[in-house]
Structure formats: structure tokens, C-alpha cells
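Inside the fold
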Amino acid sequence: RSSQLKTQSDNSMSSLGQYCEGRIAELLGDIDGALRAFGEARRLQADDIASLRQTCCILFESQRWSAAANALEELSQCAADEASVFCNLGVARREAGDIELAILAFERSLILRPESVETWEHLVAILLECGKESEAATCLERANMYRPALSEEFRKLVGTSKTTF
């Protein structure tokens, strides 16, 4: 039992060291080095959420959409109550071309935080791209409950007037 605790402690410290190396690499602009260090930190300590979050941020910001979506999917399992994770997953899935999965991620985000107008706007835009105008109009109407002065551009996109809402 004592040796097991020591191994866990050693892995935890090594993981922290790798996390710090990743942050330094990231600050120096060495994105691949940062990703390697964060990956190693997660290998040493599977529940290292901080390294997983940084990995998600790096992949998202560097527009590596498929990899970002996969990392965000993993993060969503650990942070199932964080709407922003699902919204970012929706954006990454959309950019990677996984439209149906993007819609599901946006919908999950809105279950968690229905007042997120930004997420509603993402969902409306993707529904319009898919030719689902009536669904987009319904979403826009629901979003309007949270911000009555939604952008005029979105209303024009779905072909409705302000008085409809």
C-alpha cells in the first residue's frame, strides 16, 4: 500500500512537471512541444484535467479542428456540466465538417446554459447552412427570450421580422 501511494505521488509530481513544461513551451510558441508535454502529463496521471484543458485550447486556437473535437469530446466526459465545453465542441465539430455532431453539441450546451445567446447564434447559423430554416427560426425565437435585441442579421437570414417575436 505504501509503495502504491509513493508511485501515485511520484506520477502526480511528474505530471505537474510535464504540465509546467507544456505551459512554458506554449508561452515560447512551441505548440507541438506543448502538446507533447501535456500528453505526457496525462499519460502519467489520467485524471489531469488541467493538461487536457490546455490541450483543447491549443488545438482549438491553432484550428486543428478534428483533433480539437476529439480532445473536447474527452473533456466533455470529465466536465459534463460545463456548457462552454459543449459550445466549443460544437464549433470544432462544425469546422471539422461533422455537422450533425456539431448540432448535438450545441444543443447539449443549451440544455446546460439556455441563456447563452452566442450558442444560440452558432446553432441558428449551422441550421441555416443545412437548409433547416424552420428549425433555425424556432431557435432564434427561443434565443430572443434571452436577448430581445438579437442581431438584425440573424432575423434577416431566417426571413422574419422583429414583430414576429
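Please refer to the structure higher up on the page.
All values reported here derive from a predicted model rather than from experimental measurement.

Once that is clear, we can look at the nonpolar core. The biggest cluster of nonpolar side chains holds 36 residues, and the ones touching the most others in it are Leu 72, Leu 75, Phe 106, Leu 123, Ile 126 and Leu 127. Broken down by secondary-structure element, the contributors of at least two residues to this core are helix H2 (31–44), helix H3 (49–61), helix H4 (65–78), helix H5 (83–96), helix H6 (99–112), helix H7 (117–129) and helix H8 (133–144). Among all residues touching Leu 75, those that are not within four sequence positions of it are Ile 49, Leu 52, Arg 53, Cys 56 and Val 85.

Another aspect to go through is the packing of H5 against H7. The contact between H5 and H7 brings their axes to 10 Å, and the two run at 25 degrees. Taken together, the axes of H5 and H7 lie roughly parallel to each other. As for the relative orientation of H5 and H7, their crossing is left-handed in sense. Each of Cys 87, Val 91 and Arg 94 in H5 lies in contact with H7, whose residues at this interface are Thr 119, His 122, Ala 125, Ile 126 and Glu 129. Residue composition of the contact of H5 with H7, by class: four nonpolar, two polar and two charged.

Cut-offs applied
- Residues numbered from 1 in each chain as written.
- Predicted model: local features only at pLDDT ≥ 70, side-chain atom pairs only at ≥ 80, totals over all residues.
- Heavy atoms only, no water.
- Core = buried A, V, L, I, M, F, W, Y, C linked by side-chain atoms within 4.5 Å.
- Buried < 20%, exposed > 50% of the residue type's maximum accessible area, 1.4 Å probe, protein only.
- Helix = DSSP H or I, 4+ residues; strand = E, 2+ residues; numbered from the N terminus.
- Contact = heavy atoms within 4.5 Å.
- Axes fitted to C-alpha atoms, helices over the stretch in contact; angles between N-to-C directions.
- Parallel < 35°, antiparallel > 145°, perpendicular 65-115°, else oblique.
- Left-handed = near helix turned anticlockwise from the far one by under 90°.
- Nonpolar A, V, L, I, M, F, W, Y, C, P; charged D, E, K, R; others polar.

So far we have only geometry, and geometry alone does not tell us how the molecule works.
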